[in-house]
Amino acid sequence: MPAVNKKLQTRANQVCKCFEVSQDLILRGVDYFIDSCERGLETDDDPTALMMIPTYVTSIPTGHEQGVLLAVDLGGTNFRVVSVTLKGDHTFSLVQAKSPIPLDMMSGTSAMLFQWMSEKIDKFLKTHHSDSLKEGNNFKMGFTFSFPVKQKSLNSGTLTRWTKGFDVSDCVGKDVVALLQEHLDALKVPVTVGALANDTVGTLLARSYTGANKEGETIIGCIFGTGTNGAYAEDVSKIKKLPEDVRKHLKEAGVTQMVINTEWGSFDNQMKILPNTKWDQVVDKNSSNPGVHIFEKRVSGLYMGETLRVVLFDLWKEGLLFKDYATEEALPHRLTTPFNLDTEAMSLFEIDDSTGLKASELKLQQMLRLPTTTEERLVIQQLTRAIAHRSAYLAAIPISALLMKVGAFDGHHVEVDVGADGSVVEFYPGYRTMMRDAVSLTQLGPKGERRLHINISKDGSSVGAALCALSEE
Ligand code: BGC
């Protein structure tokens, strides 16, 4: 092998080593995650704790719920308007309109964003429910809003901060339900926003509805997509930070559990346990929310691609890759511009077994306008696999920790279900298998891993919001 190749290979091996996740890190991560949950349930004033947001969702569906409801879902990448028919037998059907969120909406004003959303809802109703509109019906709607929101009731919540590249600054601190209702009313759209749900809460409810007890009780609803997060049901008695009057009211109503949105994207923002390579630091710096959601930046789809881009750019700077480009200006702009390499491309690099990695060559050429040699592509594949592997191994930490925290495996022959949604867990090749490998390395061990079922809850976040709106009736 020529000397220069050896240099590249040695460096690539070194970089990959930095993305390795040891069993020791996983074990410590699980303990620290449980500790961060406990502290987050006590108070909102501990910046090192998880946010552990009480959602005011106090019942989990049985699968027998019925009704036709509207739901809208503002996720990381798309806005969806959905009408869901819950059939009462664990099944549902839905009609949906999906629109990619335009970049200018992600960083404009709240008026622009909520007006745009209201127009989409209006259009959807005119297209799919014109008869009901003519009859003068009012529609009840669930609102999935996949960002950290402080809730005071099921149908109100103020935005704490944006994540996943959003930066509509005048919206922070405002009630997002009131904002949506205001814009719907202004357009005379006959819709009442009845419930606000995080996408993980929606996923938990939707999976409980469709999968109820098929493979054990659904304990967690989680998302591994553009962002990452999870929700679970907690004993009200353990949510110490709930105001006294709320606790009293719940007690009187006989309510014992409430769903908690953990916002685990912000696990270990202080990086007590989490890895922090020099490339992670650049990714964080280039993000719209530096210093927070540190776990998300090592795990979710938006950041996996960005991490690979940053590493490739660095290897170019070291003179090891893409040597035909003498200056930064000459490099294809997609390689020098943050967030221009997506996880979909990584999925292809991950499993490319074509001769000379020809499929990757094409993708790199089309997507980045970047001609590559076989040797460069092999290195790109190696780096891709290291970054995805780290993501999946870290993803096992919150899942295992929450299962341990609620004692999900207590008792004999217990099986446990986790509902998951999001592009990474659904489409990234081998992601769930890698996650399971890492679960077997946690305190749960191979026995826990064998009893765990991670099921994709397709359309979970929207269906769950509809279920929330139903429970509000
Ligand atoms: C948000 C969460 C959301 C997750 C998955 C994160 O960036 O903070 O609220 O659940 O993405 O969409």
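- As annotated in an unreviewed UniProt entry, the protein carries the name Phosphotransferase and comes from Eeniella nana.
- According to UniProt, the comment filed for the protein under the heading Sequence similarities (unreviewed entry) is "Belongs to the hexokinase family."
- We quote the UniProt Pathway (unreviewed entry) comment for the protein here in full: "Carbohydrate degradation; glycolysis; D-glyceraldehyde 3-phosphate and glycerone phosphate from D-glucose: step 1/4."

1. Some points on empty space enclosed by the protein
Next, step 1: Within this structure, the stated rule accounts for two cavities of 30 Å³ or more.
Next, step 2: By volume, the largest cavity amounts to about 80 Å³.
Next, step 3: Lining of the largest cavity is provided by 13 residues; of these, S146, K164, T228, N229 and E296 occupy positions nearest its centre.
Next, step 4: Volume-wise, the second largest cavity comes out at about 60 Å³.
Next, step 5: Lining the second largest cavity we find I53, F145, F147, V149, Q151, L196, A197, N198 and N261.
Next, step 6: Split by residue class, the lining of the second largest cavity holds six nonpolar, three polar and no charged.

2. Quick look at helix α15 (residues 374–405)
A turn of α-helix holds 3.6 residues, and therefore any two residues three or four places apart point the same way.
Next, step 1: With 32 residues, α15 should reach 46 Å at 1.5 Å per residue; the first-to-last C-alpha distance of 47 Å fits that figure.
Next, step 2: Among the 32 residues in α15, 25 count as buried, and that is most of the element.
Next, step 3: One or two steps after α15, the chain reaches G407, where phi turns positive at roughly 65°.

3. With respect to the site of the ligand
Next, step 1: As a matter of local geometry, the ligand sits amid 15 residues, with T163, K164, N198, D199 and E263 nearest to it.
Next, step 2: Here an oxygen atom of the ligand and a side-chain polar atom of D199 are 2.5 Å apart.
Next, step 3: The contact in question runs from an oxygen atom of the ligand to an N or O atom on the side chain of E296, over 2.8 Å.
Next, step 4: Given that more than half its atoms are within 2 Å of the pocket grid, the ligand belongs to the largest cavity.

4. So, the UniProt feature "domain: Hexokinase C-terminal" (unreviewed entry) in the protein
Next, step 1: UniProt's feature table lists "domain: Hexokinase C-terminal" (unreviewed entry) at residues 220–470, given in the numbering used throughout.
Next, step 2: Secondary structure content for residues 220–470 is 52% helix and 12% strand, and the end C-alpha separation is 21 Å.

Calculation notes
Starting from 1, residues in each chain are numbered consecutively following that chain's sequence as written. Only residues with pLDDT of at least 70 are given local features in this predicted model, and only at 80 or more are side-chain atom pairs given and counted; all residues enter the totals for whole chains, interfaces and linings. Only hydrogens and water are set aside when side-chain values are computed; all heavy atoms of the structure are taken into account. UniProt positions are given in the numbering used here, feature names are shortened, and annotations may be inferred rather than shown by experiment. The rule is simple: put a 1 Å grid over the protein atoms alone, call a set of points where a 1.4 Å probe fits but cannot get out a cavity, call an open set with protein on both sides within 12 Å along at least five of seven lines a pocket, and count a residue as lining if it has an atom within 4 Å of a point. Grid points are joined across faces, edges and corners, and a volume is the space filled by probe spheres set on the points. Only Asp, Glu, Lys and Arg are considered charged in this grouping, and only Ala, Val, Leu, Ile, Met, Phe, Trp, Tyr, Cys and Pro are considered nonpolar; every other residue, Gly among them, is considered polar. What counts as a helix is a DSSP run of H or I of at least four residues, what counts as a strand is a run of E of at least two, and both are numbered from the N terminus. In a helix, the anticipated span is given by 1.5 Å times the number of residues less one. For every residue, the accessible area obtained with a 1.4 Å probe (protein chains only) is divided by the maximum for its type, and the residue is called buried under 20%, exposed over 50%, and partly exposed between those limits. Definition of nearness: a residue and a molecule or strand are near each other if at least one heavy atom of the residue lies within 4 Å of the molecule or strand. By the criterion applied in these results, polar contacts are pairs of N or O atoms within 3.5 Å in which, for protein atoms, one can donate a hydrogen and the other can accept it, and in which residues neighboring in sequence qualify only through two side-chain atoms. Should more than half of a molecule's atoms lie within 2 Å of a pocket's or cavity's grid points, that molecule is taken to sit in it.

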